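Chains, contacts and geometry: an overview
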Amino acid sequence: MLTLTSLLSDFKQLFYPHICSGCGTDILSAGNMLCAKCFVTLPSTLYAQYANNPIEKIFSGRLKIEAAHAEFYFAKESLIQHLVHQLKYKSNKEIGIYLGEMMGRSMQNSNRFHSVDALIPLPMYPDKERKRGYNQAAVICEGMSQVMNVPVYNNVLIRGRFTETQTKKHRTERWENVEGSFAIKNEERIRGKHLLLVDDVITTGATLEASGSRLLKIEGVKLSIATLTTATK
């Protein structure tokens, strides 16, 4: 029986290879998306554990938040850039769920996010989401939800109009580009709740500030923020 099981496993690996999303090796445990070598090289921030961390400082004086976290440091030509690229442009939703689970565990191990009632993925412009087929922030939330046992509210925060890419804009231009671009649907679902706003990356924080400001206009809402990556150290 053991031999038959081994043969079936080898057959499955031959035609449906289970490989590391980082380096491509097939030497990894079932259920893992990364091999041990790639896993230990992920640049974790540990920000979930600490108040007044660099992500919270981004929003100081700009947005009233309870806590903020980013799971990984982002760098060009790095493993985490490769994984985010796989999620956003190569339809690898599984790696997004996997990384979301990692972020969820980090936040569960902190006592700073236990009062969160719901996860709110930062919405994409509808045409962009249709073209990609999914919202990467919602995929990350799916993994987080499985670990944190907190629901995802996908249709509460709505992106109401097209905004140009933020890549080459300075802070003021980024704010002006997104101000007023978010709306709320089903407002009653979030009244009086502690919401965790989630995105894949944070740079200046302008988009998260604009969307978070809109959420905070709802009666009784408290807000925290989490992103998968940050360039801030």
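Residues numbered from 1 in each chain as written. Predicted model: local features only at pLDDT ≥ 70, side-chain atom pairs only at ≥ 80, totals over all residues. Heavy atoms only, no water.

A tally of helices and strands in the chain yields 9 helices and 6 strands. Within the chain, the fraction of its 233 residues that count as buried is 45%. (Helix = DSSP H or I, 4+ residues; strand = E, 2+ residues; numbered from the N terminus. Buried < 20%, exposed > 50% of the residue type's maximum accessible area, 1.4 Å probe, protein only.)

This paragraph deals with the packing of aromatic side chains. Per the counting criterion, the structure on display carries 1 aromatic pair. Its guanidinium or amino end placed over the ring of tyrosine 153, arginine 189 lies 3.9 Å from that ring's centre, counting from NZ or CZ. (Phe/Tyr/Trp six-rings, centres within 6.5 Å; stacked < 30°, edge-to-face > 60°. Lys NZ or Arg CZ within 6 Å of the ring centre and 35° of its normal.)

Alternating positions in strand S2 (residues 118-121) separate into two faces, Ala118 and Ile120 on one and Leu119 and Pro121 on the other, with burial throughout. Note that S2 and strand S5 (residues 194-202) share 4 bridges and pair parallel. Paired with leucine 119 across the strands is leucine 196, a residue of S5. (Pairing = 2+ DSSP bridges.)

An ideal rise of 1.5 Å per residue puts 18 Å on 13 residues; helix H7 (residues 136-148) measures up with 18 Å between its terminal C-alpha atoms. Counting buried positions over the 13 residues of H7 gives 10, a clear majority of the element. Within H7, the full set of buried residues consists of Gln136, Ala137, Ala138, Val139, Ile140, Cys141, Gly143, Met144, Ser145 and Met148. Next to the buried residues of H7 lie helix H4 (79-89), helix H5 (93-108), S2, helix H6 (126-132), S5 and strand S6 (222-230). Sitting at the amino-terminal end of H7 is asparagine 135, which places a side-chain oxygen 3.0 Å from the backbone nitrogen of alanine 137. Where H7 ends, the next residue or the one after it, asparagine 149, has phi of about 55°, a positive value. (Expected span 1.5 Å × (residues − 1). Contact = heavy atoms within 4.5 Å. Polar contact = N/O pair within 3.5 Å; in protein donor to acceptor, adjacent residues only side chain to side chain.)

Turning our attention to the sheet that holds S6. Strand order in the open sheet made by the 4 strands is S1-S6-S5-S2, with parallel pairing throughout. Each edge of the sheet is formed by a strand with only one pairing partner; in this case those strands are strand S1 (68-73) and S2. In this sheet, adjacent strand axes meet at a mean angle of 20° when their direction is disregarded. Bridge analysis of S5 against S6 gives 8 bridges, and the strand direction is parallel. Bridging across to S6, aspartate 199 finds its partner in threonine 227. Sitting on the sheet, H5 is in contact with S1, S5 and S6, with an inclination near 130° to S1. Sitting on the sheet, helix H9 (residues 206-216) touches S2, S5 and S6, and the angle it makes with S5 is about 170°. (Axes fitted to C-alpha atoms, helices over the stretch in contact; angles between N-to-C directions.)

Okay, the side chain of glutamate 56 next. Position of glutamate 56 among the secondary structure elements: in helix H3 (residues 54-58). When neighbours within four sequence positions are excluded, glutamate 56 is seen to be in contact with Tyr50, Ala51, Ile65, Ala67, Ala68 and Arg112.

When the pLDDT values of the chain are averaged, the result is 88; 85% of them are 70 or greater. Across residues 6-15, where pLDDT falls below 50, the model places 3 contacts with residues more than four positions away in sequence or in other chains. (pLDDT = per-residue confidence, 0-100.)

Moving on, we get to H9. Owing to its 3.6 residues per turn, the α-helix aligns residues three or four sequence positions apart on the same side. Within H9, 8 of the 11 residues are buried, which leaves the element mostly enclosed by the surrounding structure. All of the buried residues in H9 are Ala206, Thr207, Leu208, Glu209, Ala210, Ser211, Gly212 and Leu215.

Across the 9 residues that make up S6, a large majority, 8, are buried. As paired elements, S1 and S6 share 5 bridges and run parallel to each other. Pairing of alanine 70 across the sheet is with threonine 227, part of S6. Handedness of the crossover joining S5 and S6 through H9: right-handed. (Right-handed = clockwise from strand over helix to strand, strands pointing away.)

What follows is about the nonpolar core. Grouped together as the largest cluster of nonpolar side chains are 35 residues, with contacts concentrated most on Leu34, Ile95, Leu99, Met107, Met144 and Leu196. Elements with a contribution of two residues or more to this core: H4, H5, H7, S5 and S6. For this core, the element with the most residues is H5, which contributes 7 residues. In this structure, leucine 34 is in contact with Cys20, Ser21, Gly22, Leu28, Phe39, Leu42, Leu83, Ile95 and Tyr98, ignoring residues within four places of it in sequence. By size, the runner-up hydrophobic cluster in this structure holds 27 residues, among which are Ile55, Val156, Ile202 and Leu208. (Core = buried A, V, L, I, M, F, W, Y, C linked by side-chain atoms within 4.5 Å.)

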